[in-house]
Amino acid sequence: QVRVLESGGGLVQAGASLRLSCAVSGFSSRIYYVDWYRQPPGKERELVASIINGDRTHYEDSVKDRFTISTGSAKNTWYLQMNSLKPEDTAIYYCKPTRVNWGQGTQVTVAS
């Protein structure tokens, strides 16, 4: 069974950093396209960052220069490094690899 697992969320103070991890199990092929989404409380899910073929990246304007998406050394693993966190970054963060269903996400809460 194919599963995606996000981890690394938590409660931090504004200005802190977190690194989210994403791993897909049960999928034999290498995945080359991954998005990170987030869903703030009471709002729609929104795209935060994407990575294609391990090196082409795209960021939503509000996270540019603060967040970095990367591919892990293990097959089908990825990271989202989040620096200078702000209260408005509070959300459930989801990793969405192509051809894989949504996972449960990981909660990030940034206190002011």
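As the structure is a computational prediction, the values presented were derived from the model and not from experiment. (Residues numbered from 1 in each chain as written. Predicted model: local features only at pLDDT ≥ 70, side-chain atom pairs only at ≥ 80, totals over all residues. Heavy atoms only, no water.)

Digging into the packing of aromatic side chains
On inspection of all chains with the given rule, the structure shows 2 aromatic pairs. On the numbers, 5.1 Å between centres and 70° between planes, the contact of Y37 with W102 is edge-to-face. Placement of Y37 in strand β4 (residues 33-39) and of W102 in the loop between β9 (91-97) and β10 (106-111) is noted, with a sequence separation of 65 residues between them. Residue classification places W102 among the partly exposed residues on the basis of a relative accessible area of 39%. Members of the aromatic cluster, joined through ring pairs, are Y37, Y94 and W102. (Phe/Tyr/Trp six-rings, centres within 6.5 Å; stacked < 30°, edge-to-face > 60°. Helix = DSSP H or I, 4+ residues; strand = E, 2+ residues; numbered from the N terminus. Buried < 20%, exposed > 50% of the residue type's maximum accessible area, 1.4 Å probe, protein only.)

Some details on the pattern of salt bridges
All told, the structure shown has 4 salt bridges when counted by the stated rule. Linking R66 and D89 is a salt bridge whose minimum nitrogen-to-oxygen distance equals 2.8 Å. In this pair, R66 sits in the loop between β6 (56-59) and β7 (67-71) while D89 sits in the loop between β8 (77-82) and β9, placing the two residues 23 residues apart along the sequence. Given a relative accessible area of 0%, D89 falls into the buried group. Connected via shared salt-bridge partners are R38, E46, R66 and D89. (Salt bridge = Lys/Arg side-chain N within 4 Å of Asp/Glu carboxyl O.)

A look at the side chain of T106
Counting through the fold element by element, T106 comes out in strand β10. Taking relative accessible area as the criterion, T106 reaches 9% and is therefore assigned buried. Of note is the side chain of T106, whose polar atom sits 3.0 Å from the backbone nitrogen of G9. Not counting residues up to four positions away in its chain, the partners in contact with T106 are E6, S7, G8, G9, L20, A91, I92 and Y93. (Polar contact = N/O pair within 3.5 Å; in protein donor to acceptor, adjacent residues only side chain to side chain. Contact = heavy atoms within 4.5 Å.)

Some remarks on the sheet that holds strand β2 (residues 10-13)
With mixed pairing, 6 strands are arranged side by side in an open sheet as β2-β10-β9-β4-β5-β6. Two strands close off the open sheet at either side, each with one partner strand: β2 and β6. Along the sheet, successive strands turn relative to each other by an average axial angle of 20°, direction set aside. As defined by bridge partners, β2 adjoins β10 across 4 bridges and the pair is classed as parallel. Looking across to β10, one finds that V12 is bridged to V110. (Pairing = 2+ DSSP bridges. Axes fitted to C-alpha atoms, helices over the stretch in contact; angles between N-to-C directions.)

Remarks on the side chain of S50
Within the secondary structure, S50 is located in strand β5 (residues 46-52). A polar side-chain atom of S50 sits 2.5 Å from a polar atom in the side chain of D35. Contact partners of S50, with chain neighbours within four places excluded, come to Y33, V34, D35, R56, T57, H58 and I69.

Details of the state of the cysteines
With the rule as written, the count across this model stands at 1 disulfide. Across the disulfide from C22 sits C95; the S-S distance is 2.0 Å. Judged by the sign of its S-S torsion, about -70°, the bond between C22 and C95 is left-handed. Of the two residues, C22 is situated in strand β3 (residues 18-25) and C95 in strand β9; the sequence distance between them amounts to 73 residues. Both residues of the pair, C22 and C95, belong to the buried class. (Disulfide = S-S within 2.5 Å.)

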